[in-house]
Amino acid sequence: MKKESNSLTASMEDYLEMICRLSTKSGYVRLHELAYALNVQPPSATKMVQKLAELNLINYEKYGVITLSDEGKSIGESLIKRHNTILELLRTLGIEENNLLEETEKIEHTVSTETLHCFLRFMDFLEQNNDIKEKLTQYMKSKRD
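Now for a description of the structure that goes with this document. (Residues numbered from 1 in each chain as written. Predicted model: local features only at pLDDT ≥ 70, side-chain atom pairs only at ≥ 80, totals over all residues. Heavy atoms only, no water.)

**Some points on the layout of surface pockets**
Of the voids in this model, the second largest pocket is the one considered here, and its volume is about 180 Å³. If you trace the second largest pocket, you find it lined by Ser11, Asp14, Tyr15, Glu17, Met18, Arg21, Leu38, His83, Leu101 and Glu105. Going through the elements one at a time, α1 (10-22) and α5 (97-108) are the ones with two or more residues in the lining of the second largest pocket. Its residues assigned to classes, the lining of the second largest pocket comprises 4 nonpolar, 2 polar and 4 charged. (1 Å grid on protein atoms, 1.4 Å probe; cavity = no way out; pocket = protein on both sides within 12 Å on 5 of 7 lines; lining within 4 Å. Points joined across faces, edges and corners; volume = space filled by probe spheres on them. Helix = DSSP H or I, 4+ residues; strand = E, 2+ residues; numbered from the N terminus. Nonpolar A, V, L, I, M, F, W, Y, C, P; charged D, E, K, R; others polar.)

Given below as structure tokens:
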């Protein structure tokens, strides 16, 4: 994910993704909620939120709420889609549930856009061909045992 010529770090992507997730219902998130959700200390969250605000991806005033800019929301939604696609692909391939999130996190910050599009097309294919998806699921289960 790029913001003009500046690359977002994996940590910035995690924060933006979480802000997008947490602000879905109310349109905003508070700093302590964000810190709790990411399992970080509030001062660490404050520093990252300030960086994201400097990039105009979020709106934040000290002791106020955090909201996404239009660009931040667009990127955040793309990050969520990327995360969910990888998660579902790994689940389909039979990755154990207790390892699923960790494995998704490892992949999501390094996967290329081209590879992600291939993942999306593959998952779309399986959704349109439920019989094949079921055969794949059964096959993966039989190889695990």
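**Focus: the sheet that holds strand β4 (residues 58-60)**
Pairing in this open sheet of 3 strands is antiparallel, and the strands run β3-β5-β4 from one edge to the other. One side of each edge strand has no neighbouring strand; the edge strands of this open sheet are β3 (29-30) and β4. Direction of pairing for β3 relative to strand β5 (residues 65-68): antiparallel, over a ladder of 2 bridges. Residue pairing for β5: Arg30 is matched across the bridge by Val65. (Pairing = 2+ DSSP bridges.)

**Focus on the nonpolar core**
Judged by nonpolar contacts, the single largest core of 24 residues is most densely connected at Leu16, Ile19, Leu52, Ile58 and Ile66. Residue assignment for this core shows that the elements contributing at least two residues are α1, α2 (31-38), α3 (42-54), β4, β5 and α4 (70-92). With 6 residues, α1 is the largest single contributor of residues to this core. Setting aside its immediate chain neighbours within four residues, Ile19 contacts Val29, Leu34, Leu52, Ile58, Ile66 and Leu68. Counting 6 residues, the second-largest nonpolar core is a separate cluster that includes Ile86, Leu87, Val111 and Leu116. (Core = buried A, V, L, I, M, F, W, Y, C linked by side-chain atoms within 4.5 Å. Buried < 20%, exposed > 50% of the residue type's maximum accessible area, 1.4 Å probe, protein only. Contact = heavy atoms within 4.5 Å.)

**A few points about a nonpolar patch on the surface**
A grouping of Phe122, Phe125 and Ile132 is seen on the molecular surface, where their side chains present a nonpolar patch of about 240 Å² in accessible area. Mapped onto the elements of the fold, Ile132 is located in helix α7 (residues 130-144). (Patch = residues over 30% accessible without salt bridge, like charges linked within 9 Å, V, L, I, M, F, W, Y side chains within 5 Å. Areas by Shrake-Rupley, 256 points an atom, 1.4 Å probe, with all protein chains shown as cover. Salt bridge = Lys/Arg side-chain N within 4 Å of Asp/Glu carboxyl O.)

**Quick look at helix α6 (residues 113-128)**
The end-to-end C-alpha separation of α6 is 22 Å, in line with the 22 Å expected for 16 residues at 1.5 Å each. Buried within α6 are the following residues: Leu116, Met123 and Leu126. Projected down its long axis, α6 shows its buried positions confined to an angular sector of 85°, all on one face. Among the exposed residues of α6, those oriented more than 90 degrees off its buried face are Thr113, Glu114, Arg121 and Gln128. Where α6 is buried, its residues touch α4 and α7. (Expected span 1.5 Å × (residues − 1). Arc of directions from axis to C-beta.)

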